[in-house]
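Examination of the molecular architecture
Each chain, written out:
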Amino acid sequence: MNEFFLNEAFKEAKKSFDLDEIPVGCVIVYKNHIISRAHNCKELKNNAIMHAEILAVDRACKKLKSWRLDDCILYTTLEPCLMCTGAILECRIKNVYYGTSSKSKQMFDIKALDNINFYNMKNVDCSNILSDFFRIKRLK
């Protein structure tokens, strides 16, 4: 099931790629059903917080009518940044599966957290879409 849900997040990442956004996608699962999905739209909205994870958390909270998402699982194509990790902490999600890791300065040392389980699925597609995106950007 984890691969299925990560693939659904990857479909969202492709939407970001097509919009010339950093290709990150996210889905949130509750009782084995996707209750929210999102992709980055920071450029489109001219808003620095429009990360896939933030948008997915917002939509999941609205769907469940609660800010507590402790029975949910988050799947994202890229290891969450500091801001997104904060949102995940605040809404009490305990399990996060991500497709590939990042070496960006915006990252948080997720090993320092003991109340969230992070699982790097080391997905080649998630890694390649990001590499392709930045390779194309450098050619422009």
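Details of the structure are given in the entry above.
Conventions used here
- Residues numbered from 1 in each chain as written.
- Predicted model: local features only at pLDDT ≥ 70, side-chain atom pairs only at ≥ 80, totals over all residues.
- Heavy atoms only, no water.
- Helix = DSSP H or I, 4+ residues; strand = E, 2+ residues; numbered from the N terminus.
- Buried < 20%, exposed > 50% of the residue type's maximum accessible area, 1.4 Å probe, protein only.
- Polar contact = N/O pair within 3.5 Å; in protein donor to acceptor, adjacent residues only side chain to side chain.
- Contact = heavy atoms within 4.5 Å.
- Phe/Tyr/Trp six-rings, centres within 6.5 Å; stacked < 30°, edge-to-face > 60°.

Moving on to the side chain of Thr76. Along the polypeptide, Thr76 turns up in strand E3 (residues 72-78). With relative accessibility at 0%, the residue Thr76 sits in the buried group. A polar side-chain atom of Thr76 sits 3.4 Å from the main-chain carbonyl oxygen of Leu78. Discounting residues that sit within four places of it in the chain, Thr76 has contacts with Leu6, Ala9, Val24, Gly25, Cys26, Glu53, Val96, Tyr97, Tyr98 and Gly99.

Attention shifts here to the packing of aromatic side chains. This structure, assessed with the given rule, holds six aromatic pairs. A ring pair is formed by Phe5 and Tyr75, whose centres lie 5.3 Å apart and whose planes are at 40 degrees; its orientation type is tilted. Placement of the pair is Phe5 in helix H1 (residues 2-18) and Tyr75 in strand E3, with a sequence separation of 70 residues. By the burial criterion, Phe5 is buried, and Tyr75 matches it.

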